[in-house]
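An overview of the molecular structure
These are the residues of each chain, in order.
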Amino acid sequence: MKVLKSKMENKLNIRKEFEKLNFDKKSLENRIINFNKFINSGFPTKKEEAWKFSDLKNIVKNNIEELKFFNEKLSNVKNEKLSEEYLPKNLGEFNSIELVNGIVKKINLKFEDMNSIKIDIIKNYKTSFSENNLVQLNNALYFENLNVVIKQNYSFKKPLVLFNYFKNNIYSTNINQKINIKLENNSTLSLINIFCEKSNSNFINVYNNYYLCENAVLKNYIIDANENNNLKYLYSNIDLDKNSVSENFIYSAGSKFAKHEVLCNLKDKYSSAFINGIINLDKDKHHEIQTKINHLNENTKSYQLVKSVLKDKSKGVYQGKIYVDSTAQKTDGYQLSKAVLLNSENEFSAKPELEIYADDVKCSHGSTSGNLDENKIFYLMTRGLSYRDSKNLLIEGFLTDVIDKITNQHVKKIVFKILKDQNEYR
């Protein structure tokens, strides 16, 4: 009876906490169901195959003291202003949406035709339940669902920059953010996700969902470069219709821990997905990129290239899987990861996978890791460079072919500048 009473008391306490945050009553029950699902399963551990290299339960335990799931300060963002010191230099002309603690603060689409764009901020929760326990947590505690629709035959004239900003008076707190973007037939968008962080020691949980209709093109660039002690989980689901193209680039360097999980579903013929990433770490940071590309129809294409540079006691992880359905004949899939380890205490783990059920395919994968070539460093030093400059030049050369895959020339310059600045600082 005591156990039963305790469970009932916990449920009542959880309901009271949700009611304090003034969530919409229509979504309240679904939020509580999702939260209880998360509580029952908890943060993932290395017992789960997808988390075998990044035991999130222990990472949270060792880095955040008494993590709070309910914090009334999260929704108080009225007077917050974006701090420009956290932004990459020379962003140029762009559209922007500012989000503070996952809440939309400002929308500025001054270069676009607003008749061709629909933006809604949705607070009601649509019934949907995920097996992913971190998505369950996101479903339970997000404040706003930013929903963007780019109407058919419209191409954005300038990039759309999402400034993901987190307040400095929030700490030891779980912050959740949810975004849905749909590109209708023949539409295009260049999207730049920039994390601008003044907060520390929080667990940030981001869920992004993208739907690309026929002939749509999405170029999505994620930049996490600012030094901070936050822990991050970023989940992106991308569904592609016929002849659509998704280009993705991840620069992962700033957070204490970060896991970028990308799921691409090539649902119709001639759709293509490209995922390129850089993990550039120092100190005792731990970052992971995990990708899964599902080839679900014939004549689909995917390309993945992830490179890591690890310094001090940092740890990098790449897990990538190409799945080819039996109906997905003439699939073309490529996957490669490479890592450079600059110290003996670094750790790099890789798990490349192919799962193929069609017989007319062209797929390959591979993974390598090693140290910088001391002979090359010596050669550069004989030409007048210092040891540090020689090493940085080789690192930049190692990462150049990943950055060269970026098709937006302005973003390419920004990433090169960030890389150069970070290498010089470190």
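A short tour of the structure in this document, coming up.

Definitions and limits used
- Residues numbered from 1 in each chain as written.
- Predicted model: local features only at pLDDT ≥ 70, side-chain atom pairs only at ≥ 80, totals over all residues.
- Heavy atoms only, no water.
- Helix = DSSP H or I, 4+ residues; strand = E, 2+ residues; numbered from the N terminus.
- Polar contact = N/O pair within 3.5 Å; in protein donor to acceptor, adjacent residues only side chain to side chain.
- Contact = heavy atoms within 4.5 Å.
- Pairing = 2+ DSSP bridges.
- Axes fitted to C-alpha atoms, helices over the stretch in contact; angles between N-to-C directions.
- 1 Å grid on protein atoms, 1.4 Å probe; cavity = no way out; pocket = protein on both sides within 12 Å on 5 of 7 lines; lining within 4 Å.
- Points joined across faces, edges and corners; volume = space filled by probe spheres on them.

Attention shifts here to the side chain of Ser314. Topologically, Ser314 is positioned in the loop between strand E15 (301-310) and strand E16 (315-324). A distance of 2.7 Å separates a polar side-chain atom of Ser314 from the backbone oxygen of Lys311. With residues near it in sequence (within four places) discarded, Ser314 still touches Leu281, Asp282, Lys283, Asp284, Lys285, Glu345, Asn346 and Glu347.

Time to look at the sheet that holds E16. Overall, mixed pairing links the nine strands, which are arranged E3-E4-E6-E8-E10-E12-E14-E16-E18 in an open sheet. Where the open sheet ends on each side, the last strands, each with one partner, are strand E3 (117-122) and strand E18 (347-356). With strand direction ignored, the average angle separating the axes of adjacent strands in the sheet is 10°. Pairing geometry for strand E10 (residues 231-240) and strand E12 (residues 257-266), over 10 bridges, is parallel. Following the sheet pairing, Asn237 is matched in E12 by Leu263. Running at roughly 145° to E10, helix H3 (residues 56-63) makes contact with strand E8 (203-212), E10, E12 and strand E14 (286-295) of the sheet.

The next subject is empty space enclosed by the protein. A complete count under the given rule lists one cavity of 30 Å³ or more for this structure. If you add up the space inside the largest cavity, you get close to 40 Å³. Where the lining of the largest cavity is concerned, the elements lending two or more residues are strand E6 (174-183), strand E7 (188-197) and E8.

Okay, the sheet that holds E15 next. Reading across from one edge, E2-E1-E5-E7-E9-E11-E13-E15-E17-E19 is the order of the 10 strands in this open sheet, with mixed pairing throughout. The open sheet terminates on both sides in strands that have one partner only, identified here as strand E2 (103-108) and strand E19 (361-370). Between one strand axis and the next, the sheet turns by 10° as a mean value, whatever way the strands run. Judged from the five bridges that link them, strand E1 (residues 95-100) and E2 form a sheet pairing that is antiparallel. When the bridges of E2 are listed, Glu98 appears paired with Lys106. The strands touched by helix H6 (residues 387-403) within the sheet are strand E11 (245-252), strand E13 (272-281), E15 and strand E17 (331-341), with E15 carrying the most contacts at an inclination of about 160°.

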